[in-house]
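Structure assessment
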Amino acid sequence: MIRLTPLRKRPALSALVLLLLGSGFCQAQEMLTDSARKEASEWLKEVKAGYLNTSSSRIQKAVAALTAATSTENAAMKLYVDAMKDRFLNPTSMMSRMLNRGGGGGFRMMRMPGSGGRGGNSSKPDSPSTAFSNWRKQNTGNNVAPGFKKALQIQCKWMLLCLRKADAEKNERDLNVSSSVLSMLDEVAANAKDVGEQLPMVSGASEVIRTYLNIGDYRSETLPDNLMDLNTIFDRVLLAPYKEKKDVENFRKLWNNPLGDVLYFNPPLVISPEEMEEAVSICASCIRKVLG
């Protein structure tokens, strides 16, 4: 039998328990004398302070790791490989548990073989360490797709910005990220030829990194997780100030020409490469005729 003697000696905690269990708000209020109310207040402050300190330490470590990852393409790749190693070898991870149960490593995003290791031809599945070794051979070194490292580095920069914005939101601090967002979009545009096809592919890698850094629950209410979610970025960040001020004129200018002094196309998704090439050729020809 559970005895409630300790709670009876601490009326403030007894009242909180009643509130949490839904045993009656009035009954809980009656138990809260001035001294008990003060005790409950101090106790809640201690709990909140402990949570914030833990959260702050966790965020600081994540910021440090992401900052290091943004320095070079290889640094970003190293963080991804470390995160995948943890996913395979950490006994508490879902991947490790599946491998230890003999489930194989059949995750499409990891380009692993089907059920079981060794291409699925063996009845005995790979161990977590062997599965990670196989993944590393398939996804690092010369097997990395062109532009993937650069795209991953850019995505790490975006994750770092999202983390700082989320931290500001949770602590009710203002943090204007408009200039940083525009700078990152400029970087994407400058490297579009190299990273264009890979940026959508690194979203899976970024989720693995989030889990590894223990920041899966720390997401911004303003910035989307993926840099390629341009509609959300324009709506929540770049266009938001004009909507708040009801500045219709500048809102329309940015909406109609979001990339500034840049000529861009917005073709239907069903357009063929040949049709796109023809459209660009016609446009280029017209520009030459006008400008000489």
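See the structure printed just above.
The notes below deal with the structure included here. (Residues numbered from 1 in each chain as written. Predicted model: local features only at pLDDT ≥ 70, side-chain atom pairs only at ≥ 80, totals over all residues. Heavy atoms only, no water.)

Counting secondary structure elements, the protein chain contains 15 helices and zero strands. For the protein chain, with 292 residues in total, the buried portion stands at 32%. Carbon together with sulfur atoms contributes 54% to the accessible area of the protein chain, which is approximately 18,900 Å² in total. (Helix = DSSP H or I, 4+ residues; strand = E, 2+ residues; numbered from the N terminus. Buried < 20%, exposed > 50% of the residue type's maximum accessible area, 1.4 Å probe, protein only. Areas by Shrake-Rupley, 256 points an atom, 1.4 Å probe, with all protein chains shown as cover.)

Together, Leu-263, Ile-287, Val-290 and Leu-291 line one region of the surface with nonpolar side chains, adding up to about 450 Å² of accessible area. The topology assignment puts Leu-291 in helix H15 (residues 273-291). A residue is classified by how much of its surface remains accessible, and Leu-291, at 69% relative accessible area, is exposed. (Patch = residues over 30% accessible without salt bridge, like charges linked within 9 Å, V, L, I, M, F, W, Y side chains within 5 Å. Salt bridge = Lys/Arg side-chain N within 4 Å of Asp/Glu carboxyl O.)

With twelve residues, helix H7 (residues 128-139) extends 16 Å from end C-alpha to end C-alpha; this agrees with the ideal 16 Å at 1.5 Å per step. Those residues of H7 not exposed but buried are Pro-128, Ala-131, Phe-132, Trp-135 and Asn-139. End-on view of H7: buried residues confined to an arc of 100°, all on one side of the axis. (Expected span 1.5 Å × (residues − 1). Arc of directions from axis to C-beta.)

Counting residues in each nonpolar core, the largest one holds 51 residues, and the members touching the most others are Leu-66, Tyr-80, Leu-152, Trp-158, Val-181 and Ile-209. Those elements that place two or more of their residues in this core are helix H4 (34-69), helix H5 (73-89), H7, helix H8 (148-170), helix H9 (178-190), helix H11 (202-213) and helix H12 (230-238). Looking at this core, the element that brings in the most residues is H8, giving twelve residues. Non-local contacts of Ile-209, meaning those with residues more than four positions away in its chain, are made with Leu-66, Leu-79, Tyr-80, Ala-83, Leu-152, Cys-156 and Met-159. (Core = buried A, V, L, I, M, F, W, Y, C linked by side-chain atoms within 4.5 Å. Contact = heavy atoms within 4.5 Å.)

Our focus in this paragraph is the packing of H9 against H12. Pairs of packed helices are described in terms of their axes, by the angle between the two and the distance that separates them. Running from N to C, H9 and H12 point in directions that differ by 150°, and their axes come no closer than 10 Å. Considering the angle they form, H9 stands roughly antiparallel to H12. Seen from above, H9 lies across H12 with left-handed handedness. Packed against H9, whose contacting residues are Ser-178, Val-181, Leu-182 and Leu-185, the element H12 presents Leu-230, Ile-233, Val-237 and Leu-238 at the interface. Looking at the contact of H9 with H12, its residues break down into seven nonpolar, one polar and no charged. (Axes fitted to C-alpha atoms, helices over the stretch in contact; angles between N-to-C directions. Parallel < 35°, antiparallel > 145°, perpendicular 65-115°, else oblique. Left-handed = near helix turned anticlockwise from the far one by under 90°. Nonpolar A, V, L, I, M, F, W, Y, C, P; charged D, E, K, R; others polar.)

Further remarks concern the pattern of salt bridges. In total, this model carries nine salt bridges according to the counting rule given. Arg-58 is the partner of Asp-217 in a salt bridge, and the nearest nitrogen-oxygen pair spans 2.9 Å. With a gap of 159 residues between them, Asp-217 in the loop between H11 and H12 and Arg-58 in helix H4 connect regions that are remote in the sequence. Residue classification places Arg-58 among the buried residues on the basis of a relative accessible area of 15%. Among the charged side chains, a salt-bridge network with shared partners connects Glu-207, Arg-210, Arg-219 and Asp-225.

With that out of the way, let us pick up H11. Since the α-helix packs 3.6 residues into each turn, any two residues three or four apart lie on the same face. Taking 1.5 Å of rise per residue, twelve residues should cover 16 Å, and H11 covers 16 Å from first to last C-alpha, within 8% of that figure. If you check which residues of H11 are buried, you get Val-202, Ala-205, Ser-206, Val-208, Ile-209, Arg-210 and Leu-213.

What follows is about the side chain of Lys-150. Relative to the assigned elements, Lys-150 resides in helix H8. Excluding residues within four positions of it along the chain, Lys-150 makes contact with Glu-73, Glu-187, Asn-191 and Val-195.

Our next topic: the packing of H8 against H9. Closest axis-to-axis distance for the H8/H9 pair is 11 Å, and the angle between their directions is 175°. Here H8 is positioned roughly antiparallel relative to H9, judged by the angle of their axes. Touching Lys-150, Ile-154, Lys-157, Trp-158 and Leu-161 of H8 are Ser-180, Val-181, Met-184, Glu-187 and Val-188, all from H9.

This part takes up the packing of aromatic side chains. In total, this model carries four aromatic pairs according to the counting rule given. Ring centres of Tyr-80 and Trp-135 lie 5.5 Å apart, and the angle between their planes is 85°; on these two criteria the pair is classed as edge-to-face. Highlighted residues: Tyr-80 in helix H5 and Trp-135 in helix H7, separated in sequence by 55 residues. Classification of Tyr-80 as buried rests on a relative accessible area of 5%. Considering the side-chain rings of Tyr-80 and Phe-148, the 6.0 Å spacing of their centres and the 45° angle between planes classify their relative orientation as tilted. (Phe/Tyr/Trp six-rings, centres within 6.5 Å; stacked < 30°, edge-to-face > 60°.)

Turning to its location among the elements, Glu-187 is positioned in helix H9. Apart from residues no more than four positions distant in its own chain, Glu-187 is found in contact with Lys-150, Ile-154 and Lys-157.

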